[in-house]
Amino acid sequence: FVQTVMPRKGVPIGTKLTRGSGLAAEAALQLYSAVALLPHPAKTESGGEDAFLLGPHMIGVADGVGSWWEGGIDPAAFARGLMFASRNSCTKLKREEELDPAKVLLDAWHKMQISRLIGSSTACLVSLDPHKTELRAANIGDSGFLLLRRQAGSSSMVEPALGTLDSAAGIGAAGRKLHIAFRSPQQLRAFNTPYQLGRAPDSGDAPDDRFETPQDASLVRVPVRPGDILVLATDGLFDNVDEEALLDTIEDLIEGSGTGASPQQLADAIAARAKELSLDKSVDSPFAILAKDNDILWGGGRPDDITVLVSHILDRADARAPPTDWAAVSGPGEPPPELLEAEALLAAERLAAEARTASGLGAERGEEEEVERLEGE
């Protein structure tokens, strides 16, 4: 299990790791992140159907399912609503430095159900636990992330970490400066049919087996080190750029920059490369190769919305480390009004519950004071 399964699934949720497990347990880490979003060439005016979450301790992506257009429903609304709700869930949970993606996703999905917003979306949330030096992720569908690490032999490379591909990577291609330490698993019902959270016009209050729930999410924990690079993206990246091309793009930019490429430079370059290959009909993309494996004739790239978030994982003592007190943001555009109404309703219910609790405590104190007065008499 440790040698063959764990490197592809991360560390099991209940596993406790010691310093001898390849973790720098004493380090305090943080994310330095940026986002690039390139809509499908035919959807530039609308901004596409992808959405993102960008926060100091958590990042995320969502990919609205485009076929909802056939029913006159904007596919972007559900994805944007889900990321906006996730952003607010980060604030509500008040533990941003130890945010659990599974809990954030569940809370956001609950708000979406209350809003009764129609549509569906994939989703992937990734957070950094800065004290346990590990990533935690919750993924529904075919968005996902890659964790890149300095190649074996580099000064930053120590013993292989459990739950990663470090052991297999020592082995990487000659001349590579980076290797893939972890790749998140996809969730598909069938070819090009990813798991998705959603709601249909005829969905009632009972579970709808046409969609998944947050309980179906793939949950992983992955040990990280200072200097690692996290690439989180929708399928617009992974359908068009294979891992070798992705490493080429990142290594070329890092080598070409005397001071090291910033997350924004990397995100922009990766998204631009994905768009370039999506429009190339001369070379089969990863999507085309998989389509042919499923007896579907497809050649070249696959035009799509492309959303890429890149995070440097830094020691807090690193001069490049940004402040951690800024508020998370989501985008692009504004959240759907149905979700804003649902959030206002939940906020009003929460205030009413707090008022009832305060009133009850006040009455209880009054009774205690009356008893004390009578006893004194």
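See the structure shown above.
Worth saying up front: this structure is predicted, and the values here are computed from it rather than measured.

Asker: I tried to follow unusual backbone geometry on my own but got confused; where do I start?
Answerer: Leaving glycine out, the prevailing phi sign among residues is negative, and the prevailing peptide bond configuration is trans. Residue Pro 332 is bonded to the preceding Gly 331 through a cis peptide linkage, with omega at -5 degrees. Relative to the helices and strands, Pro 332 is located in the loop between β14 (329–331) and α9 (337–376). Even without a glycine there, the phi angle at Asn 192 is positive, about 60 degrees. Its place among the elements puts Asn 192 in the loop between β8 (188–190) and β9 (193–194). In this structure Asn 192 comes out as partly exposed when scored by relative accessible area, which is 37%. Phi at Asp 295 is positive, roughly 60 degrees, even though this residue is not glycine. Take Asp 295: it is sitting in the loop between α8 (286–293) and β13 (306–315).

Asker: So what exactly am I meant to see when it comes to the sheet that holds strand β1 (residues 29–38) here?
Answerer: Think of a sheet as strands paired side by side through backbone hydrogen bonds, with each pair either parallel or antiparallel. Read across the open sheet, the five strands follow the order β1-β13-β12-β6-β7; overall the sheet is antiparallel. Two strands close off the open sheet at either side, each with one partner strand: β1 and β7 (178–183). Mean inter-strand twist for the sheet, computed between neighbouring axes without regard to direction, equals 25 degrees. With 10 bridges joining them, β1 and β13 adopt antiparallel strand pairing.

So, how was this worked out
- Counting starts from 1 at the beginning of each chain's written sequence and moves along it residue by residue.
- With the structure being a predicted model, the display of local features is reserved for residues of pLDDT at least 70 and the display and counting of side-chain atom pairs for 80 or more, all residues being used for whole-chain, interface and lining totals.
- Think of the side-chain values as coming from all heavy atoms in the structure, minus any hydrogens and water.
- Here a helix means four or more residues in a row that DSSP labels H or I, a strand means two or more in a row labelled E, and each is numbered from the N terminus.
- Burial classes: relative accessible area under 20% of the type maximum marks a residue as buried, over 50% as exposed, and values in between as partly exposed (1.4 Å probe, protein chains only).
- Note on pairing: two strands pair once DSSP finds at least 2 bridges between them.
- Think of each axis as a best-fit line through the C-alpha atoms, taken over the contacting stretch in the case of a helix, with angles from 0 to 180 degrees between the N-to-C directions.

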